[in-house]
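Per-entry structural report
Listed here are the chains, written in short residue letters.
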Protein chains: 2
Amino acid sequence: MQHVFLTHLKERRLKLTPQRRLILDVFLGLRRHVSAEELYALIQKKDPSIGQATVFRSMKLLVEAGVAQSSGLGGRSICYEPNRKHHDHLICTRCGAIREFRSESIEREQEKIAIAHGFALSAHRMELFGLCNVCPKGSRS
Amino acid sequence: MQHVFLTHLKERRLKLTPQRRLILDVFLGLRRHVSAEELYALIQKKDPSIGQATVFRSMKLLVEAGVAQSSGLGGRSICYEPNRKHHDHLICTRCGAIREFRSESIEREQEKIAIAHGFALSAHRMELFGLCNVCPKGSRS
DNA sequence: ATCCTAATTGATAATGATTATCAACCGATG
DNA sequence: CATCGGTTGATAATCATTATCAATTAGGAT
Ligand SMILES: [Zn+2]
Ligand SMILES: [Zn+2]
Ligand SMILES: [Zn+2]
Ligand SMILES: [Zn+2]
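Residues numbered from 1 in each chain as written. Chains lettered and ligands numbered in written order. Predicted model: local features only at pLDDT ≥ 70, side-chain atom pairs only at ≥ 80, totals over all residues. Heavy atoms only, no water.

**A look at the protein's contact with DNA strand D**
Near DNA strand D there are 19 residues, and of these Ile78(A), Lys15(B), Arg20(B), Thr54(B) and Arg57(B) occur at the shortest range. Sugar plus phosphate: this is where 75% of the atoms of DNA strand D within 4 Å of the protein reside. Ile78(A) has a polar backbone atom sitting 2.7 Å from a phosphate oxygen of DNA strand D. Breaking the surface near DNA strand D down by element, the ones donating at least two residues are α4 (52-65) of chain A together with α2 (18-29) and α4 (52-65) of chain B. Here the surface near DNA strand D takes 3 residues from α4(A), the largest share from any one element. Tallied by class, residues from the surface near DNA strand D come to 5 nonpolar, 6 polar and 8 charged. (Near = heavy atom within 4 Å. Polar contact = N/O pair within 3.5 Å; in protein donor to acceptor, adjacent residues only side chain to side chain. Helix = DSSP H or I, 4+ residues; strand = E, 2+ residues; numbered from the N terminus. Nonpolar A, V, L, I, M, F, W, Y, C, P; charged D, E, K, R; others polar.)

Put into structure tokens, the structure is as follows:
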């Protein structure tokens, strides 16, 4: 996985710094969605000298390298997750729980729709919102 | 349409001000997606005394009243469109063109997926990104 | 190992979109 | 028309992110 990142760096004459190494490791160690801010807090515990600008910059770099993908989840802030097979999200509007899924039939249908409109599809985002099964149905907010 | 808004106001003892009337009229007059900022610019031409905070507040109110819906399009800023029948979006990554569509089969499949995961679906967002047919395929950005 | 240079860093200022604050104002009801 | 609570506009504040910049450093060439 990290091999992809190293290759990306060399191709563009970018440098592998201790900061980038640490950020990459911590990020890949997690197996969930994180915002740059959350990740910064985790990084801080391992090396308090790292600034948050570096975390923002590094996450951008990880996305460019294809190591991370940014899912527009997490309310106002951008969330990242390790780049695996494409999937979409099911999000609980109450507790924030996130479930991942992939529907081949929807993926196919999206392609068909794009073609019908003369678009060359390159990506998509789909999020389903609702109450998960551990959240009580009859209560508000 | 505006009837819905007036009812919403009365139900909550809110007031119908000239500002809200103008913002509602201009918004409904457009038949496209607008950000609060774009709308503010249009409002300014009709009445330069209206502040942009009022536009932001009013758009929020229109959403609560069910007159407008906020689509998370438009990059960083929230976009609004008059609340019609549910639909999803196809967006050109080059020129920003937006096409609307609705796929019954996808809508059904989303329901099935939510149920399979124990979620009670309340809403969803789906955006397809690609190059539209008037944008050249072989060029970058 | 030593140099060199361009990339990187951390602190901080700046940005852009949105929200909060607050005194002055005004719409609705009686 | 008097009263009162909702509303307004200007402005400050917030939040996430990006830009700036002097100081530092990785990595290729000597
Ligand atoms: Zn995911
Ligand atoms: Zn839940
Ligand atoms: Zn839909
Ligand atoms: Zn286009």
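**Observations concerning the domain arrangement of chain A**
Residue and element names in this part refer to chain A. Here chain A is described as being made up of domain 1 (2-82) and domain 2 (88-130). Between domain 1 and domain 2, the C-alpha centre-to-centre distance is 25 Å. Each side of the interface is counted separately: domain 1 has 5 residues, and domain 2 has 6 residues. Of all residues in domain 1, His33, Gly72 and Leu73 bury the most surface against domain 2, accounting for 83% of the area lost on that side. For the pair domain 1 and domain 2, the interface holds 0 salt bridges. Seen at the junction of domain 1 and domain 2, the total is 3 residue pairs in polar contact (both at pLDDT 80 or more). (Domains from an automatic or database assignment. Contact = heavy atoms within 4.5 Å. Buried area = accessible area lost by both parts, 1.4 Å probe. Salt bridge = Lys/Arg side-chain N within 4 Å of Asp/Glu carboxyl O.)

**Overview of the coordination of the zinc ion (ligand 2)**
Ideal values for angles at a metal depend on the geometry: 109.5 degrees with four tetrahedral donors, 90 or 180 degrees with six octahedral donors. Residues and elements named next belong to chain A. Within the protein, the zinc ion (ligand 2) binds to Cys92 (SG), Cys95 (SG), Cys132 (SG) and Cys135 (SG); these donor distances fall in the range 2.2 to 2.4 Å. The coordination sphere of the zinc ion (ligand 2) comprises 4 donor atoms, whose angles at the metal cover 103 to 118°; the geometry is tetrahedral. Sequence spacing of the donor residues for the zinc ion (ligand 2), all on one chain, is C-x2-C-x36-C-x2-C. Placement of Cys95 in the loop between β4 (88-92) and β5 (98-101) and of Cys135 in the segment after β6 (120-131) is noted, with a sequence separation of 40 residues between them. Of the residues examined, Cys95 reaches a relative accessible area of 43% and is grouped as partly exposed. (Donors = N, O, S within 2.8 Å, 3.2 Å for Na, K, Ca; no water. Tetrahedral: all angles 85-135°; square planar, octahedral: opposite > 155°, others 65-115°. Buried < 20%, exposed > 50% of the residue type's maximum accessible area, 1.4 Å probe, protein only.)

**Focus on α2(B)**
Residues and elements named next belong to chain B. When the terminal C-alpha atoms of α2 are compared, their 16 Å separation across 12 residues agrees well with the 16 Å that a helix rising 1.5 Å per residue should span. Here α2 has its buried residues at Leu22, Ile23, Leu24, Val26 and Phe27. The secondary structure elements touched by the buried residues of α2 are α1 (2-11), β1 (34-35), α3 (36-46), α4, β2 (68-71) and β3 (79-82). (Expected span 1.5 Å × (residues − 1).)

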